[in-house]
Amino acid sequence: MSRSKSKVTITEIARQAGVSVPTVSRVVNGRSDVSEGTRARIEDLLREHGYERRATAPGSRAALVDLVFNDLDSPWAVEIIRGVEEVAHAAGAGTVVSAIHGASGSARQWMKNLRARASDGVILVTSVLEPVLHDELRRLGVPLVVVDPAGSPALDAPTVGATNWAGGMAATEHLLSLGHRRIGFIAGPPRLLCSRARLDGYRAALESAGVPVDDTLIVPGDFYHASGFAGAGELLALAEPPTALFAASDQMALGAIEALRRRGLRVPEDLSVVGFDDLPEVSWSAPPLTTVRQPLSDMGKLAARTVLRLALGEEPASPRIELATELVVRASTAPRI
């Protein structure tokens, strides 16, 4: 007995054909980026099940890439989006940007939306998905790429990041070369691998220079301005405050500079300050900020290229890619007086 038309889903077609849901979606929408053998197998199953296609012109559905952040309230996110969008646009793909705010309800709603739009791939930025949602992506055959993984990324997901340890070491070595020995560090969220790597680079530079690591000089932060402001205040309240500060993000460095300004302290005359990211605005801060440049836009571009390759059934160039960081010296650091 034949089945009723359109009762079968493309997920079931994908399971029977042994392909991903996006691959079936590409065939249903008349796109050309599917091999002839795979296309024929899917078309046979669509006819067998009497699947009725929606009334769209052949090839009218562009590829879709889901770009998922924990939060979007940062210029850091804008740089990642810029890189992803550039590559996606050149490939004729659309980009859907979402923020899940670390909430399981938001993540589950995002997954529901992703299933409905048959996304071709997911780029996950500094976020954590519940194991059940990772499993759902695998079940759907939707490829995943992780940028700056939080915790341990899925073993089957390629990751893109920067040389955070080397960047943390370079920033600290710069301050050491200027004669600073009491160097405060305002850390990022410990759940993020990039945060831990920057702290490890700071520690390694001190140890290499024979300077004991003083844990009272390490204060917590969350990458945002307010935590840099608070962290600088905590460090300045020490009986022996630091002569230099290294903040694990530019936004925290700017917050720290504001805390110094409100106390009548000058940068770099009274304290030197180094950030991390090289966001566009820090070259215009007062004073222009010495920082570690991480190629955020390039990280987005590489993640987009990787997920689009995976969507076509190709292997990634490497399961783990780190792009080089670079120390950019401006006017916020000076020799210790």
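Placed above this text is the structure.
Basis of the calculations
- Residues numbered from 1 in each chain as written.
- Predicted model: local features only at pLDDT ≥ 70, side-chain atom pairs only at ≥ 80, totals over all residues.
- Heavy atoms only, no water.
- Helix = DSSP H or I, 4+ residues; strand = E, 2+ residues; numbered from the N terminus.
- Buried < 20%, exposed > 50% of the residue type's maximum accessible area, 1.4 Å probe, protein only.
- Contact = heavy atoms within 4.5 Å.
- Areas by Shrake-Rupley, 256 points an atom, 1.4 Å probe, with all protein chains shown as cover.
- Expected span 1.5 Å × (residues − 1).
- Phe/Tyr/Trp six-rings, centres within 6.5 Å; stacked < 30°, edge-to-face > 60°.
- Lys NZ or Arg CZ within 6 Å of the ring centre and 35° of its normal.
- Pairing = 2+ DSSP bridges.
- Right-handed = clockwise from strand over helix to strand, strands pointing away.
- Axes fitted to C-alpha atoms, helices over the stretch in contact; angles between N-to-C directions.
- Salt bridge = Lys/Arg side-chain N within 4 Å of Asp/Glu carboxyl O.

**What about the overall build of the protein?**
Scanning the protein from N- to C-terminus turns up 11 helices and 12 strands. In the protein, which comprises 337 residues, the share counted as buried stands at 54%. Of the contacts made within the protein by residues no fewer than 6 positions apart, 73% connect residues no fewer than 24 positions apart. Accessible area of the protein: about 15200 Å², with a carbon and sulfur share of 54%.

**Quick word on helix α7 (residues 164-177)**
Because an α-helix packs 3.6 residues into every turn, residues spaced three or four apart end up facing the same way. The end-to-end C-alpha distance of α7, which contains 14 residues, comes to 20 Å, matching closely the 20 Å that a straight helix rising 1.5 Å per residue would cover. All of the buried residues in α7 are Asn-164, Gly-167, Gly-168, Met-169, Ala-171, Thr-172, His-174, Leu-175 and Leu-176. Gly-179 sits one or two residues past α7 and shows a positive phi near 95°.

**Structural notes on helix α11 (residues 296-311)**
With 16 residues, α11 ought to run about 22 Å at 1.5 Å a step, and its terminal C-alpha atoms sit 23 Å apart, in line with that. Counting buried positions along α11 gives 12 out of 16 residues, so the element sits mostly inside the fold. Those residues of α11 lying buried are Leu-296, Ser-297, Met-299, Gly-300, Lys-301, Leu-302, Ala-303, Ala-304, Thr-306, Val-307, Leu-308 and Ala-311. Of the residues one or two after α11, Gly-313 is the one with positive phi, at around 85°.

**Section: the packing of aromatic side chains**
Going through the model one piece at a time under the given rule, you end up with 2 aromatic pairs. Between Phe-185 and Tyr-202, the ring centres sit 4.9 Å apart and the planes meet at 25°, which makes this aromatic pair stacked. Here Phe-185 is found in strand β6 (residues 183-186), whereas its partner Tyr-202 is found in helix α8 (residues 193-208), with 17 residues between them in sequence. Here the two residues Phe-185 and Tyr-202 agree in accessibility, since each one is buried. Between Phe-185 and Phe-246, the ring centres sit 5.1 Å apart and the planes meet at 70°, which makes this aromatic pair edge-to-face. You can see Phe-185 sitting in strand β6 and its partner Phe-246 sitting in strand β8 (residues 244-247), a full 61 residues away along the chain. Site record: aromatic cluster; members linked through ring pairs are Phe-185, Tyr-202 and Phe-246. Sitting over the face of the ring of Phe-276, Arg-198 holds its NZ or CZ atom 3.9 Å from the ring centroid.

**A closer look at the pairing of β6**
Residue alternation in β6 divides its side chains into two sets, Ile-183 and Phe-185 and Gly-184 and Ile-186, and both sets are buried. Looking at chain direction, β6 and β8 are connected through 4 bridges and run parallel. Note that in β8 the partner of Ile-183 across the bridge is Ala-244. Judged from the 2 bridges that link them, β6 and strand β7 (residues 218-219) form a sheet pairing that is parallel. Note on β7: the bridge partner recorded for Phe-185 is Ile-218. In this fold, the crossover linking β6 to β7 by way of α8 has right-handed handedness.

**Re the sheet that holds strand β1 (residues 63-69)**
In space, the 6 strands of this open sheet follow the order β2-β1-β3-β4-β5-β11, with parallel pairing throughout. The strands lining the two open edges of the sheet, one partner per strand, are β2 (93-99) and β11 (320-323). Neighbour-to-neighbour, the strand axes of the sheet open up by a mean angle of 20°, direction not taken into account. Examined bridge by bridge, strand β3 (residues 121-125) and strand β4 (residues 144-147) share 4 bridges and lie parallel to one another. Among the inter-strand pairings, Val-125 is bridged to a residue of β4, identified as Val-147.

**Comments concerning the pattern of salt bridges**
As a working rule, side chains carrying opposite charge can pair if their charged atoms are close by. One pass over the full model with this rule turns up 19 salt bridges. In this structure, the salt-bridge partner of Asp-278 is Arg-293, at a minimum N-O distance of 2.6 Å. Separated by 15 residues along the polypeptide, Asp-278 in the loop between β9 (272-277) and β10 (290-293) and Arg-293 in strand β10 bring together distant segments of the chain. In this structure Arg-293 comes out as partly exposed when scored by relative accessible area, which is 34%. Where Lys-301 meets Asp-298, a salt bridge forms, and the shortest distance between an N and an O atom there is 3.8 Å. Of the two residues, Lys-301 and Asp-298 both sit in helix α11, 3 residues apart, roughly one turn of that helix. According to the relative accessible area criterion, Lys-301 is buried, its value standing at 17%. What emerges from the salt-bridge pattern is a single network uniting Asp-278, Arg-293, Glu-326 and Arg-330.

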